Amino acid sequence: MTDDPKGTTHWSAGPLPQAPEPEMGGSAAGSFPAGPAPTGSSPSGSSPSGSSVPLREGFSERPEERSQRALASSEIARSATLDSQVTIADPMPGFVLPADEARGGPLHTLAAALYATTRMEPGAVAEQMNQLGIRSLGFVCLVLGFVGGILVYQAGIQALRIVPDTSTIGPAYIEILVRDLAASLTALMLATRVGAGIAAEIGSMKVTDQLDALRLSSADPVVHLVAPRLVASVLVTPLLTILGGAVALLTGTLTGLWVFDISLHTFLDARYVDAADLCAGLLKSVAFGLAIPVMSAHAGLYTSGGSQGVGNATTRAVVGSSLAVIVLGFVIGALVEVLAGGAG
Amino acid sequence: MIEFRGVSKSFGDKVILDGVDLTAGSGEILFVIGTSGAGKSVLIQHVVGLLRPDAGRVLVDGEDVTDYDEHRFYEVRKKCALVFQHATLFDSMTCAENVALPLRKHFRLKGDEALRRAEEFLALVQMERFGATYPSALGDGLRKRVAVARALTLSPRYILFDEPTTSLDPVSARRVDALIVDLARRQGATCVVVSHDLRSIFSIADRVAMLYKGRVRALGTPQAIRDTTDPIVRQFIEGRNEGPLETT
């Protein structure tokens, strides 16, 4: 510990660099004036009011502890002191206040997260891409593979009942896969796996005060927890959609070949797929990639009530993400249909 | 100096604070005591902006911080550190990484440099051997020491402790007491301690404030509190089941 001439007390572990100017303006860019000298630190331990302090029992220090502590303190004090005129480096956006009554909706969280993407730490997105993307790959491929095979099997049975012709099953299947199925199914799977994970993790941190601890450490929970997941999800959802779609196409093709004897040339015919289908599929996967982390993080940020609250938040995240996928899928599909129809 | 002037706070219909007037003087150890649910933790969370009062003002160093937004509380949180009841270390980080976080965020120290500084702050609380340990491997007492080290990184003039000895064994509790005394006496920090650990209260407090029904029921030196004739305060410090004290 050292005392500077102004009386400011320091127990810094050495000099710290002057922080750069904040990324945001406003009052947060202030500096800390040296404060008044602390009082009441006399060796006698007298209180500020001057009254004597009763016997302080139970905290006698062993000599080795005392010398160890003194050594640590002296080594720290030997280096230069903390500059008390530190400019705030990285003020928080202040959009989301999960601890208090300021409760916003998912759009509020989306706005905060989008703003926070400009202030993420390097490497944060890559870590989340691994968590959200790589670890979901097997699950997504497995589900889409089975669903693809089942769909082609059912379509073939129905087609044979009505018109004994299976030649259009492949082209129709590819169209629906590109336009909607791959994106929607992938997103619904991510809503369950990723959405639940995000809500449970952030919700647990909320109920154990870790979000408040982040805020007190000057680490914005939205910047650290939500924004990297948002960016990672937007990047990996289209990739997972493509990979999952490819697996669904493979299993569908094999089902057509083995069950209905549809040749590869006949089945793998993309004549029904046009630019509107590709646009719809791509737009949907990006929108779903945005919606899932926002709905889930929002549920987590506003968790309350202990472990039951975390359970409720997880449920809200999965239900909200799934509904968002369904509704967004409908809206984007209809929009692309209208625009493509108008263009045609 | 931290001042609460007529601070009121309700959650729904439940009134927690009902016009609290209290001042924590520079360099003192002020204990805020009271039954569970009396609003002790709620009170100190107002200082760092984790809660906002429904009415009344909160002043830090004479500066009214009541209506500060998240931006402006950034400054206040550098002066006032809060050590939570359950330490609230981040499970995914080692102890050193936990302590390094405020250094990285406030001072933009690079990873290795921040970790080196963090080890030095851990040494201040005799935890330098546990820098590479994850919090889940530590007991409550050691976790609280790490939390204190994290709080010290920003060189706060005020340190708010929320039930620092709750759930600790007696030896660990006394060590935390010693740490608080060290911070106040040697480092000159003002320590506001929320607690109902009577041994701590009567061992290390300079002043004691008892919250009851949303207000300050008693305020004085430990000896004055011990000598009071107020039946509610007496029942609390004597830990008697029978008496006029109502618990929520």
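Model, not experiment: these values are computed from the prediction. Within each chain, residue numbers correspond to sequence positions counted from 1 in written order. Ligands are numbered from 1 and chains lettered from A, in the order in which they are written. Only residues with pLDDT of 70 or above have their local features reported here, since the model is predicted, and side-chain atom pairs are shown and tallied only from 80 upward, although totals for entire chains, interfaces and linings are computed over all residues. The side-chain numbers reported here are obtained from all heavy atoms of the structure, hydrogens and water having been left aside.

Engineer: What should I look at first to understand the pattern of salt bridges in this one?
Structural biologist: Between side chains of opposite charge, a pair can form when the charged atoms approach closely. Residues and elements named next belong to chain B. Any Lys or Arg side-chain nitrogen found within 4 Å of a carboxyl oxygen on Asp or Glu counts as a salt bridge. Within the structure shown, the criterion is met by 29 salt bridges over all chains. Salt-bridge contacts for D64 lead to R57; the nearest nitrogen and oxygen are separated by 2.8 Å. Throughout, exposure labels follow a simple rule: accessible area from a 1.4 Å probe, protein chains only, divided by the maximum for the residue type, with under 20% read as buried, over 50% as exposed, and the rest as partly exposed. Judged by its relative accessible area of 30%, D64 is partly exposed. Judged by relative accessible area, which is 32%, R57 ranks as partly exposed. Residues D197 and R174 are paired through a salt bridge, measuring 3.2 Å at the closest nitrogen-oxygen approach.

Engineer: What am I meant to see in the sheet that holds strand β2 (residues 14-24) of chain B here?
Structural biologist: What holds strands together in a sheet is hydrogen bonding between their backbones, with the strands either parallel or antiparallel. Residue and element names in this part refer to chain B. Two strands qualify as a pair provided DSSP detects at least 2 bridges between them. Elements are defined by DSSP. Helices are runs of H or I of four residues or more, strands are runs of E of two residues or more, and each kind is numbered from the N terminus. Taking strand neighbours across the sheet as the criterion, the four strands line up as β2-β1-β4-β5 in an open arrangement whose pairing is antiparallel. Looking at which strands have only one partner, the edges of the open sheet turn out to be β2 and β5 (63-64). Pairing of strand β4 (residues 55-60) with β5, which is carried by two bridges, proceeds in the antiparallel orientation. Following the sheet pairing, L59 is matched in β5 by D64.

Engineer: Quick question: what am I supposed to make of the pairing of strand β8 (residues 190-194) of chain B here?
Structural biologist: When a strand is regular, its side chains alternate between the sheet's two faces. All names here are of chain B. Taking burial as the measure, the five residues of β8 include five buried ones, the bulk of the element. Residues T190, V192 and V194 of β8 are buried on one face, and the alternating residues C191 and V193, pointing to the opposite face, are buried as well. In terms of strand pairing, strand β3 (residues 29-33) meets β8 through four bridges, oriented parallel. Counted as the bridge partner of V32 is V194 from β8.

Engineer: How should I be thinking about the side chain of R229 of chain A in this particular structure?
Structural biologist: All names here are of chain A. Mapped onto the fold, R229 is located in helix α6 (residues 221-260). A residue is classified by how much of its surface remains accessible, and R229, at 5% relative accessible area, is buried. Here a polar contact is taken to be a pair of N or O atoms separated by no more than 3.5 Å, where protein atoms must pair a possible hydrogen donor with a possible acceptor and residues adjacent in sequence count only if both atoms sit in side chains. A polar side-chain atom of R229 sits 2.7 Å from the main-chain carbonyl oxygen of L225. For R229, the contacting residues outside a window of four places in its chain are Q128, L132, I198, E201, H224 and P293. By definition, residues are in contact when any of their heavy atoms lie within 4.5 Å.

In short, geometric facts, not functional conclusions.
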